[in-house]
Amino acid sequence: MTVNAEKWISFVRQYGPLARNANMYDEEIRRWSKKLNVKPIAFEHPLSRDVLASFTDRKEGHGGVVILTGTAGDGKSYLCYQVWQALGGSPDAWAGNTPYFKLPVTINGHTYALHLIRDLTPFCKNDPDGSKAQLLRDLSSALFEPSSNLFLVAANDGPLVENWRKLGTHGAAQRALALFEARLMNDEDPEPTDRLHFFNLSAVPSATVLTLCLDSLLGHEGWESCYAAAQPNGFFGPRCPIRRNFELLRDPLVRSRLVVLFQLLDFNELHTPIRRVLLLLANAILGHPEAKDGLMSAYDVGNIIANGETHKASLFANLFGANLKSAKRDAQEIFDYLSRFGIGFETTNRIDNILIFGSEDENVSQYFHDLVEADSFYGATARYRGEQRSYIEMPEAQNGDRHAFLDMLVDQRRGLFFKIPDAYADELKLWRLTVFHSAGEYLHDVVRPLSDGRRVSRQTISKLVNGLNRIFTGLLTTTKSELLLATSLSHSGAKISQLLEDKVAINPQGRVERVEIARCREFPHLIVKLPNGQTRSLALNLTRYEFLMRVSEGALPGNFSRECYEDLLAFKSALLSAAAIGRHTLDVDDDGLIFRLLALDATGNAIDQVVELSND
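The rules behind these values
- Residues numbered from 1 in each chain as written.
- Predicted model: local features only at pLDDT ≥ 70, side-chain atom pairs only at ≥ 80, totals over all residues.
- Heavy atoms only, no water.
- Helix = DSSP H or I, 4+ residues; strand = E, 2+ residues; numbered from the N terminus.
- Buried < 20%, exposed > 50% of the residue type's maximum accessible area, 1.4 Å probe, protein only.
- Lys, Arg positive; Asp, Glu negative; His and termini not counted.
- Charge placed at Lys NZ, Arg CZ, Asp CG, Glu CD.
- Pairing = 2+ DSSP bridges.
- Polar contact = N/O pair within 3.5 Å; in protein donor to acceptor, adjacent residues only side chain to side chain.
- Disulfide = S-S within 2.5 Å.
- Axes fitted to C-alpha atoms, helices over the stretch in contact; angles between N-to-C directions.
- Contact = heavy atoms within 4.5 Å.
- Phe/Tyr/Trp six-rings, centres within 6.5 Å; stacked < 30°, edge-to-face > 60°.
- Lys NZ or Arg CZ within 6 Å of the ring centre and 35° of its normal.
- Parallel < 35°, antiparallel > 145°, perpendicular 65-115°, else oblique.
- Left-handed = near helix turned anticlockwise from the far one by under 90°.
- Nonpolar A, V, L, I, M, F, W, Y, C, P; charged D, E, K, R; others polar.
- pLDDT = per-residue confidence, 0-100.

A. Examining the overall build of the protein more closely. Assigned secondary structure in the protein consists of 27 helices and 13 strands. Judged by the C-alpha coordinates and their principal axes, the protein covers about 95 × 80 × 45 Å. The buried share of the protein, reckoned over its 616 residues, is 52%. Side-chain charges of the protein comprise 67 positive and 76 negative groups, with the mean position of each set lying 5 Å from the other.

B. Main features of the pairing of strand β8 (residues 514-520). Of the strand pairs in this sheet, β8 and strand β9 (residues 523-529) are connected by 7 bridges, and their pairing is antiparallel. Bridge assignment links Arg-514 to a residue of β9, and that residue is Lys-529.

C. View of the environment of His-115. Here His-115 is to be found in strand β3 (residues 110-117). Between the C-alpha atoms of His-115 and Ala-327, which are 212 residues apart in sequence, the distance is 40 Å. In this structure the side chain of His-115 is engaged in a polar contact, spanning 3.1 Å, whose partner is the side chain of Asn-149.

D. Focus on the state of the cysteines. Counted by the stated rule, this structure contains 0 disulfides. Note on Cys-124: no disulfide assigned, nearest cysteine sulfur contributed by Cys-80 at a separation of 14 Å. Of all cysteine sulfurs, the one in Cys-240 lies closest to Cys-226, which takes part in no disulfide; the gap is 8.4 Å. Since its relative accessible area comes to 0%, Cys-226 is described here as buried.

E. How the structure looks around the pairing of β3. The buried fraction of β3 is high, at 6 of 8 residues. Inspection of the sheet shows strand β2 (residues 100-107) paired to β3 by 8 bridges, in the antiparallel sense. Each residue of the ladder has a partner; that of Ile-107, found in β3, is His-110. Where β3 lies against strand β4 (residues 149-156), 5 bridges are found, and the strand directions are parallel. Within β4, the position partnered with Ala-113 by the bridge is Asn-149.

F. Geometry of the sheet that holds β9. Spatially, 3 strands are ordered β8-β9-β10 in an open sheet, and the strand pairing comes out antiparallel. At either margin of the open sheet sits one strand with a lone partner, and together these are β8 and β10 (535-539). Taking the axes of each pair of neighbouring strands and ignoring which way they run, one obtains an average angle of 30 degrees across the sheet. Across the sheet, helix α25 (residues 458-473) lies against β8 and β9, angled at about 110 degrees from β8, the strand it touches most. Taken strand by strand, helix α27 (residues 562-578) contacts β9 and β10, and its axis lies near 170 degrees from that of β10.

G. Molecular detail of the side chain of Lys-419. With respect to the helices and strands, Lys-419 occurs in helix α22 (residues 404-419). Under the relative-accessibility criterion, Lys-419 is labelled buried at 17%. A polar contact is formed between the side chain of Lys-419 and the backbone oxygen of Leu-371, at a distance of 3.0 Å. Apart from the residues within four sequence positions on either side, Lys-419 is in contact with Leu-253, Phe-316, Leu-371, Asp-375, Gly-379 and Gln-412.

H. Structural context of the side chain of Ser-141. Following the sequence through the fold, Ser-141 ends up in helix α7 (residues 131-142). Residue Ser-141 is classed as buried on the basis of its relative accessible area of 19%. Ignoring any residue separated from it by four or fewer positions in sequence, one finds Ser-141 in contact with His-170 and Ala-172.

I. Inspection of the sheet that holds β3 at higher detail. The 5 strands lie next to each other as β2-β3-β4-β1-β5, forming an open sheet whose pairing is mixed. With one partner strand each, in any of the chains shown, β2 and β5 (196-200) form the two edges of the open sheet. Each adjacent strand pair in this sheet contributes to an overall mean axis angle of 15 degrees, direction not counted. Together, β1 (64-70), β2, β3 and β4 form the strand contacts of helix α4 (residues 76-86), whose direction differs from that of β4 by roughly 160 degrees. On top of the sheet, α7 reaches β1, β2, β3 and β4; it is set at about 115 degrees to β4, its chief contact.

J. Up close: the packing of aromatic side chains. If you walk through the whole model with that rule in mind, you get 29 aromatic pairs. Aromatic pair Trp-8 and Trp-223: ring centres 5.5 Å apart, planes at 90 degrees, arrangement edge-to-face. Here Trp-8, found in helix α1 (residues 5-13), pairs with Trp-223, found in helix α11 (residues 222-228); they are 215 residues apart in sequence, far enough to count as distant. The exposure class assigned to Trp-223 is buried, which follows from its relative accessible area of 2%. Considering the side-chain rings of Phe-267 and Phe-523, the 5.8 Å spacing of their centres and the 45 degrees angle between planes classify their relative orientation as tilted. Linking Phe-267 in the loop between α13 (252-266) and α14 (274-286) with Phe-523 in strand β9, this pair joins segments that are 256 residues apart in sequence. By the burial criterion, Phe-267 is buried, and Phe-523 matches it. Ring-pair connections join several aromatic residues into one group, and the members of that group are Trp-8, Phe-11, Tyr-15, Trp-223, Tyr-227, Phe-235, Phe-236 and Phe-246. The ring of Trp-94 is capped by Arg-118, whose NZ or CZ atom sits 4.6 Å from the centre of that ring. A cation over an aromatic ring shows up here: Lys-132 above the ring of Phe-123, its NZ or CZ 5.3 Å from the ring centre.

K. Quick peek at the packing of helix α10 (residues 206-218) against α14. Axis separation between α10 and α14 bottoms out at 10 Å; the angle between their running directions is 50 degrees. In terms of their interaxial angle, α10 and α14 are classed as oblique. Crossing handedness for the pair α10 and α14: right-handed. Across the interface between the two elements, Val-209, Leu-210, Cys-213, Leu-214, Leu-217 and Leu-218 of α10 pack against Ile-274, Val-277, Leu-278, Leu-281 and Ile-285 of α14. Residues belonging to the contact of α10 with α14 are distributed by class as follows: 11 nonpolar, no polar and no charged.

L. Region of the structure containing helix α26 (residues 542-552). Of all 11 residues making up α26, 10 are buried, and the element is well covered by its neighbours. Taken as a whole, α26 has its buried residues at Leu-542, Thr-543, Arg-544, Tyr-545, Glu-546, Phe-547, Leu-548, Met-549, Val-551 and Ser-552. Residues of α26 that are buried make contact with α13, α24 (439-451), α25, β10 and α27. Two or three places before Thr-543, at the start of α26, stands the capping residue Asn-541, its side-chain oxygen 3.3 Å from that residue's backbone nitrogen. Two residues or fewer after α26 comes Gly-554, characterised by a positive phi angle close to 120 degrees.

M. Fine view of the confidence of the model for the protein. Counting all residues, the mean pLDDT for the protein is 91, and 95% of those residues have values of 70 or more. Within the model, the stretch residues 582-586 combines pLDDT values under 50 with 21 contacts to residues more than four positions away or in other chains.

Below you can see the structure in the form of structure tokens.
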């Protein structure tokens, strides 16, 4: 169908950071789609086929339960609607506000009563006669006993557990709760059942969600209408910031860098649901601080160009919510997650030399030309050059305030993160533009080999072990070939621990002990197998990896992340407990006490000295 360009942009705005009823988000988008006669931004959810198959492939004739859980915005309502449609439900009935539907359905010759709860929270709010609680008890019984009922329930993680706990001591409800909690924690089922299909939508990687959203949004037919409606000095013309941002998102390098950031969010255990990803992309394309709600419409473009304010619409700033008021930006977790990379505020001397002196410094002038000057839209604009000259001449603003050029530097550093080509990434130290200096190594040296079924190199493990040793002992040791398990006279969490309890070699040469990195449930884990055969593991997320690498390179443990420091001390305590080692004794006899005391040689290598205390 032919799409009206202005209406298409109005529709994209609906995905942005606007105030709306979060519980009815999917339904609101459908209403706007119908009102503006625009196809919604849609794609096949990664779990869509499995969810539908849990109904359509049913052959045994007895009922069952399908649970869709996750965080708000993961696509639970969308999947419920797909099931509703596939089983013959009315779209008009779905358009209402009720959270509960009941429908007789026939599947492969068997008749069932379908009970669909598309949002458990509003469903459970008012229950004066107890009928809703009884329905949940019936659902619980259907998990363990033959039934002609089919249940589909969509619920966020917390409300799912909370509402089942409220059912009291009813036997089947308690068994169901134990089952749900086990599935949420990826533990083994407390008892076997083949009647539960449990889908945690938050398990879908954020990078996968981003890729699907990018393909669907950027491939929408609405953009063709925008090109057809382009105005030379207005909407979607060559100077239109909406068009520029759209084309930047299609650029393979910009897209790949954004995908990498989302991969790193996954490996930092931060999940971004579909709704938040679409919000980010809509804001990236349409963001402008002077527009209503911080989002441009097609009608705003002419005035923005005429007023010389296109630079305020920079995609690179919008990706971090710079177009929004601080309160509105802080309310969106996606901007909080991306802000944790520190992009725009982290830099190197060389990067700032390029941005400040680049055109005049022959050592970096080529970089300035390729990365800043070549971008006349958001790079070396006339305004940028003017403030650049002013800053060089007088770094302090004339009125004593912060110089305007310093804020421009933040935007330009953000732009460079997305514009530095891979060929320059090592030379210009790309990841130094983020808080996570070792992020590139983490992806290349840990994630990639594990994904390919290869071992993580001994060199990488040695660096991590060196970092662990400095934390476990509190000493500036250079030891990296073995993990030192040390404690103190007070407790295992003391800052300085010089009483050596045991060592674990990273290259055991036939012995049972080892230190390695392996995948556990698709996530890197640091695994330590002790000499007594006991094994303990620690999820090696991006922040912990960065922390250990910084400590290995000489940073003090408390300088980067106090939380990581405490996590690793807790891991040390777990290792000591697993090894079943006395706090400081190696041997006790009638003559006295023997223990090993750690010290450092001239090169920083840890050595242990046997100390014997006599009873005499």
